[in-house]
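# Commentary on secondary and tertiary structure
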Amino acid sequence: MKRIVNFSSFNVFSIEKEIWDIEYHNHNFYELIVIASGKGTHHLNGVTFTYQKGDVFLLRPSDAHEFSIKSKTKFIYIKFTENYIWESLHTDKKNELNKVIRLMMEDSSFVYESAIRNKADREHMLQLASILLYEFSNKSLYNKETASDLFSAMITILIRNTMNSGGMERVSKEISPAEKILYYISVNAMDADKMKLENLAKEFMLSRNYISIYIKKQTGFSIQQHVMHQKIKAAEKLLKQSNYHINEIADRLGFNDASHFNKIFRSYKNMTPSAFRKKN
């Protein structure tokens, strides 16, 4: 898989494409993508869903993705590092909002589909992104300060939508080590090498025995059960939103074969993948 590297702490640009020609990839930065026009599908961490004008996607460095374009699409990209987001936010942000920002940037539940659901906020985000693009591209007086303020406003709108979609229930606590491990699993569940217990333990500087016991104690489920849960969630998306054959889905998700996939899926969903697809 290709990895795109950006050496700037903050970058804004737009591209317009009729055919997507960038291979499946991840980054070394955070990325806010605003769909200014067009429609198609977004392939993110093995899951496929549609996009349209006004959609906003917040991607973390570990997220791997690509687009399939149905009608000519204009993308506005805002690439930033974690340090930049903290530097750009106004110092009067309340502590609770800082927790929501952390939640957005680390929690897997905010990865899939558009981060903005409110109709008015979708329009505001598109307008702000367009102005930010202009300010960043035209080196006028105070353009850096203006760009920083615009970016802060966009993040604030993201925060508002996150809080309205359930994030408020979790801002009373910081992201725990267990949540960070579970997010890493949710992003990398299809990577067999990263999901090896010794490699997962090394990623979080823990012993393989301790990380297993810790996750089991914190969640009630083993690491392997969490990995399989993510695969089943991805399988549900692929069965509902793609035309892949059952054996293709089994291969994409790392099952031994279609028979193994059928057996595991039935144990979780009480029906075969084919029956699930037909039902949905």
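Residues numbered from 1 in each chain as written. Predicted model: local features only at pLDDT ≥ 70, side-chain atom pairs only at ≥ 80, totals over all residues. Heavy atoms only, no water.

## Considerations on the packing of aromatic side chains
This model, assessed by the stated rule, comprises 20 aromatic pairs. Considering the side-chain rings of Trp 20 and Phe 67, the 5.1 Å spacing of their centres and the 70° angle between planes classify their relative orientation as edge-to-face. Remark: Phe 67 occurs in strand E7 (residues 65–80) and Trp 20 occurs in the loop between strand E2 (10–17) and strand E3 (25–27); sequence separation between them is 47 residues. Measuring from centroid to centroid gives 5.4 Å for Trp 20 and Phe 75, while their planes differ by 65°, and the two rings are edge-to-face. Of this pair, Trp 20 sits in the loop between E2 and E3 while Phe 75 sits in strand E7, and the two are 55 residues apart along the sequence. The exposure class assigned to Phe 75 is buried, which follows from its relative accessible area of 0%. The lysine or arginine in question, Lys 139, covers the ring of Phe 136, its NZ or CZ lying 4.6 Å from the ring centre. In this arrangement the basic side chain of Lys 231 is found over the ring face of Phe 255, its NZ or CZ atom lying 5.5 Å from the centre. (Phe/Tyr/Trp six-rings, centres within 6.5 Å; stacked < 30°, edge-to-face > 60°. Helix = DSSP H or I, 4+ residues; strand = E, 2+ residues; numbered from the N terminus. Buried < 20%, exposed > 50% of the residue type's maximum accessible area, 1.4 Å probe, protein only. Lys NZ or Arg CZ within 6 Å of the ring centre and 35° of its normal.)

## Observations concerning the environment of Thr 146
Turning to its location among the elements, Thr 146 is positioned in helix H4 (residues 143–164). For Thr 146, a relative accessible area of 28% corresponds to the partly exposed category.

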